[in-house]
Amino acid sequence: MGVSLEYDVTIVQSADILAFRSYIESVLKPALMESLLYDSKNYVDTVRPALGSMIGFPFSLFVPNALRDRVNSMTFANYNLEYVTESQAAQDIRDHGAECLTQLSHRLSTQKFFLGNKPCSVDAFLFAHLALLLKCPLPSSPLQSHLQGCDNLIHFVNRVLREHFPNFYDEEEEKVKQEKETKRKKESDVVEWPNKRKNQVFAVLFGISAMLFYAFSSGMVTYEGKGAHIAFHSRGNRRRK
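None of the values given here were measured: they were computed from a predicted structure.

With respect to helix 5 (residues 121-135)
Right, so step 1: An ideal rise of 1.5 Å per residue puts 21 Å on 15 residues; helix 5 measures up with 21 Å between its terminal C-alpha atoms.
Right, so step 2: Burial analysis of helix 5 places 11 of its 15 residues in the buried class, the great majority of the element.
Right, so step 3: Listed in full, the buried residues belonging to helix 5 are Ser-121, Val-122, Asp-123, Phe-125, Leu-126, Phe-127, His-129, Leu-130, Ala-131, Leu-133 and Leu-134.
Right, so step 4: Those residues of helix 5 that are buried are in contact with helix 1 (11-38), helix 4 (86-108), helix 6 (142-147) and helix 7 (151-164).

Written out as structure tokens, the structure reads:
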């Protein structure tokens with residue numbers, strides 16, 4: 001038996017919940033679908049392989065593309081493509097999606113949930129969209145970049161993950177730490193490379209100088225003044241004074 005999260009809300013709060021759910025459904029969801037399925041790079045690099053791994057062969061050969069076509073037709077349903085191009089419509093969807101994130105960020109402000117300290121259906125509905133947008137590794141997503149600038153929405157997602165999905169959150173934290181460590185090592189190698197190269201050059205020059213000094217001092221090589229003639233001698237035939 002289900003339990004309603006809004007059994008004790010006021011009429012005003014109930015109206016806000018309905019309004020924000022409708023706002024997310026009509027504005028943020030199309031922008032999320034545009035990022036995941038319309039954008040070719042995101043679809044090819046991330047979404048299609050993920051879908052294919054879940055449904056398996058041979059369905060992975062045609063189901064992802066069929067799903068993409070169907071979702072894209074729904075995403076652009078409100079646009080007359082006889083008067084605007086798909087790229088223009090996609091840009092408009094992204095712009096409205098970014099504005100939606102900004103408005104949601106302002107509404108949440110410093111509160112834990114949309115109604116304060118008590119969660120409601122808007123929190124669950126919003127989390128489902130934001131977690132996917134934030135955690136999905138999308139190589140090309142202006143909407144994701146915009147979300148990453150909304151600190152309170154990021155904290156909201158991470159808090160829900162930490163409190164209700166701890167296993168997933170711990171795995172994500174470990175993955176982020178490993179990525180930061182790898183990035184730090186790469187940056188350290190780039191910074192140290194010129195100094196490392198310089199030390200290698202000095203070491204080679206020092207080694208050559210030491211070998212020449214030994215050769216001259218041991219009599220293996222002699223220098224004869226005027227003609228600037230250098231003579232090489234084996235150990236058994238060193239020139240004696």
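We are not done yet, so read on.
Describing helix 3 (residues 63-75)
Right, so step 1: For helix 3, spanning 13 residues, the distance from its first C-alpha to its last is 18 Å, which sits close to the expected 18 Å at 1.5 Å a residue.
Right, so step 2: Residues Pro-64, Arg-68, Val-71, Asn-72 and Thr-75 constitute the buried set of helix 3. Looking straight down helix 3, one finds that the buried residues subtend no more than 100° of arc, so they occupy a single side. Away from its buried face, by an angle of more than 90 degrees, helix 3 presents the exposed residues Asp-69, Arg-70 and Met-74.
Right, so step 3: Elements that come into contact with the buried residues of helix 3 comprise helix 1, helix 2 (40-55) and helix 4.

Some points on the layout of surface pockets
Empty pockets left among the atoms are what a rolling probe the size of a water molecule brings to light.
Right, so step 1: Counted as a void, the second largest pocket has a volume near 300 Å³.
Right, so step 2: If you go around the second largest pocket, you meet 14 residues; those closest to its centre are Glu-25, Ser-26, Pro-30, Met-74 and Thr-75.
Right, so step 3: Residue assignment for the lining of the second largest pocket shows that the elements contributing at least two residues are helix 1, helix 3 and helix 4.
Right, so step 4: Here the residues of the lining of the second largest pocket are counted per class, giving 7 nonpolar, 4 polar and 3 charged.

Focus: the packing of aromatic side chains
Right, so step 1: By the definition in use, this model includes 4 aromatic pairs.
Right, so step 2: Here the aromatic rings of Tyr-38 and Phe-76 are separated by 5.0 Å at their centres, their planes lie at 70°, and the arrangement is edge-to-face. Residue Tyr-38 is located in helix 1, and its partner Phe-76 is located in the loop between helix 3 and helix 4; the two are separated by 38 residues in the primary sequence. One exposure class covers both Tyr-38 and Phe-76, and it is buried.

Examining the pattern of salt bridges
Right, so step 1: The tally for this structure, following the rule as stated, stands at 4 salt bridges.
Right, so step 2: For Lys-29, the salt bridge is made with Glu-25, and the minimal N-O distance between the two is 3.5 Å. Residue Lys-29 and its partner Glu-25 are located together in helix 1, separated by 4 residues, close to a single helical turn.
Right, so step 3: Relative accessible area serves as the criterion here: at 33%, Lys-29 is assigned to the partly exposed category.
Right, so step 4: With relative accessibility at 37%, the residue Glu-25 sits in the partly exposed group.

Regarding empty space enclosed by the protein
Right, so step 1: A complete count under the given rule lists 1 cavity of 30 Å³ or more for this structure.
Right, so step 2: By volume, the largest cavity amounts to about 40 Å³.
Right, so step 3: In terms of lining residues, the largest cavity is bounded by Asp-16, Ile-17, Phe-20, Arg-107, Phe-114, Leu-115 and Val-122.
Right, so step 4: Looking at which element gives the most residues to the lining of the largest cavity, the answer is helix 1, with 3 residues.

Criteria and thresholds
- Residues numbered from 1 in each chain as written.
- Predicted model: local features only at pLDDT ≥ 70, side-chain atom pairs only at ≥ 80, totals over all residues.
- Heavy atoms only, no water.
- Helix = DSSP H or I, 4+ residues; strand = E, 2+ residues; numbered from the N terminus.
- Expected span 1.5 Å × (residues − 1).
- Buried < 20%, exposed > 50% of the residue type's maximum accessible area, 1.4 Å probe, protein only.
- Contact = heavy atoms within 4.5 Å.
- Arc of directions from axis to C-beta.
- 1 Å grid on protein atoms, 1.4 Å probe; cavity = no way out; pocket = protein on both sides within 12 Å on 5 of 7 lines; lining within 4 Å.
- Points joined across faces, edges and corners; volume = space filled by probe spheres on them.
- Nonpolar A, V, L, I, M, F, W, Y, C, P; charged D, E, K, R; others polar.
- Phe/Tyr/Trp six-rings, centres within 6.5 Å; stacked < 30°, edge-to-face > 60°.
- Salt bridge = Lys/Arg side-chain N within 4 Å of Asp/Glu carboxyl O.

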